[in-house]
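# Structure assessment
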Amino acid sequence: AQSVAQPEDQVNVAEGNPLTVKCTYSVSGNPYLFWYVQYPNRGLQFLLKYITGDNLVKGSYGFEAEFNKSQTSFHLKKPSALVSDSALYFCAAGRGGSYIPTFGRGTSLIVHP
Amino acid sequence: DGGITQSPKYLFRKEGQNVTLSCEQNLNHDAMYWYRQDPGQGLRLIYYSQIVNDFQKGDIAEGYSVSREKKESFPLTVTSAQKNPTAFYLCASSMRRLADTDTQYFGPGTRLTVL
């Protein structure tokens, strides 16, 4: 069975500093990895997706994620955090096929002014 | 929220009542999903559907029912058998029939509160 772990319930960062939200996965075969963002009382919005190819994936709002096969990680990053980046972030994984993607429990990102 | 609408935004239910949450998509997607979100628990899958007139139970289907009579519509009924229905409910869709490589598109959610 596949699984996704987001080891931090909350990440705090000062505005202007770089941010990292961690995600590790357990998927048999080649993984397909996603990041979604959820603002309060809203649905999830797609940020970026890794299928194959370049390990550094660029997405919306200046976010990027780095796929690391040896560490089975897909950490979300941004060089300079904004207060408006404060939200709940979800990592998800699939393995290609007729399956439901697996979501992590979410990480709350708080960016302090 | 990408072509998926959910209504109502807020819903209040008395104990013992059934309520139906609406989900409509105009993306021509085959697959649709219902998730429940509780604080600190992430997303839990209630039901999913790959095609009209077909749906499957997810991890927490007890006390819920669904129908998929039209491609664009996937309503969720929360029955009186669901003992703790207060939660935020999210509907999602994806392009192909149950392909976990496809991006999911989410509606804005319905917050259900039991009085």
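Residues numbered from 1 in each chain as written. Chains lettered and ligands numbered in written order. Predicted model: local features only at pLDDT ≥ 70, side-chain atom pairs only at ≥ 80, totals over all residues. Heavy atoms only, no water.

For the rest of this paragraph, the subject is the state of the cysteines. All names here are of chain B. Per the counting criterion, the structure on display carries two disulfides over all chains. The partner cysteine of Cys23 in its disulfide is Cys91, sulfur to sulfur 1.9 Å. Of note, the bridge from Cys23 to Cys91 carries an S-S torsion of about -75 degrees and is left-handed in sense. With a gap of 68 residues between them, Cys23 in strand β3 (residues 19-25) and Cys91 in strand β9 (residues 87-94) connect regions that are remote in the sequence. The exposure class assigned to Cys23 is buried, which follows from its relative accessible area of 1%. Residue classification places Cys91 among the buried residues on the basis of a relative accessible area of 0%. (Disulfide = S-S within 2.5 Å. Helix = DSSP H or I, 4+ residues; strand = E, 2+ residues; numbered from the N terminus. Buried < 20%, exposed > 50% of the residue type's maximum accessible area, 1.4 Å probe, protein only.)

Below, the discussion takes up the nonpolar core. The biggest cluster of nonpolar side chains holds 27 residues, and the ones touching the most others in it are Trp35(A), Leu47(A), Leu48(A), Phe74(A), Leu76(A) and Tyr89(A). When contributions to this core are tallied by element, the ones reaching two or more residues are β2 (10-14), β3 (19-21), β5 (32-38), β6 (44-50), β8 (64-68), β9 (73-78), β10 (87-94) and β12 (107-112) of chain A. Sort the elements by how many residues they give to this core and β10(A) lands first, with four residues. Setting aside anything within four residues of it in sequence, one finds Leu47(A) in contact with Trp35(A), Tyr36(A), Val37(A), Gly59(A), Ser60(A), Tyr61(A), Phe63(A), Leu76(A) and Tyr89(A). Grouped together as the second largest cluster of nonpolar side chains are 19 residues, Leu21(B), Met32(B), Ala61(B) and Tyr64(B) included. (Core = buried A, V, L, I, M, F, W, Y, C linked by side-chain atoms within 4.5 Å. Contact = heavy atoms within 4.5 Å.)

Turning our attention to the sheet that holds strand β7 (residues 64-66) of chain B. Residues and elements named next belong to chain B. Pairing within the open sheet is antiparallel, and its four strands lie in the order β1-β3-β8-β7. The sheet terminates laterally at β1 (4-7) and β7, the two strands that pair on one side only. Averaged over all adjacent pairs, the angle separating strand axes in this sheet is 20 degrees, with direction ignored. (Pairing = 2+ DSSP bridges. Axes fitted to C-alpha atoms, helices over the stretch in contact; angles between N-to-C directions.)

Right, let's talk about the pattern of salt bridges for a bit. All names here are of chain B. For the coordinates displayed, the defined rule picks out seven salt bridges over all chains. Of the charged contacts in the structure, one is a salt bridge between Lys71 and Asp30, with a shortest N-O distance of 3.3 Å. One end of the pair, Lys71, is in the loop between β7 and β8 (76-78); the other, Asp30, is in the loop between β3 and β4 (31-37), with 41 residues separating them in the sequence. For Asp30, a relative accessible area of 21% translates into the label partly exposed. With a closest N to O distance of 2.8 Å, Asp38 and Arg44 form a salt bridge. (Salt bridge = Lys/Arg side-chain N within 4 Å of Asp/Glu carboxyl O.)

So, about the environment of Ser73(A). Residue and element names in this part refer to chain A. Topologically, Ser73 is positioned in strand β9. Separated by 48 residues in sequence, Ser73 and Tyr25 place their C-alpha atoms 6.2 Å apart. Beyond its immediate chain neighbours, meaning those up to four positions away, Ser73 contacts Cys23, Thr24, Tyr25, Glu66, Phe67 and Asn68.

A word on unusual backbone geometry. In this model, Ser7(B) is joined to Pro8(B) through a cis peptide bond whose omega is -5 degrees. Summarising the element assignment, Pro8(B) is placed in the loop between β1 and β2 (10-13). In this structure, Tyr61(A) is a non-glycine residue whose phi angle is positive, near 60 degrees.

Further remarks concern the interface of chain A and chain B. In this assembly, 24 residues from chain A lie in contact with 23 residues from chain B. Joining chain A to chain B, the criterion identifies zero salt bridges. Applying the counting rule to chain A against chain B returns five residue pairs in polar contact (both at pLDDT 80 or more). Secondary-structure elements contributing two or more residues to the side of chain A that touches chain B are β5, β6 and β10 of chain A. Here the side of chain A that touches chain B takes four residues from β5(A), the largest share from any one element. (Polar contact = N/O pair within 3.5 Å; in protein donor to acceptor, adjacent residues only side chain to side chain.)

These figures capture arrangement, not role.
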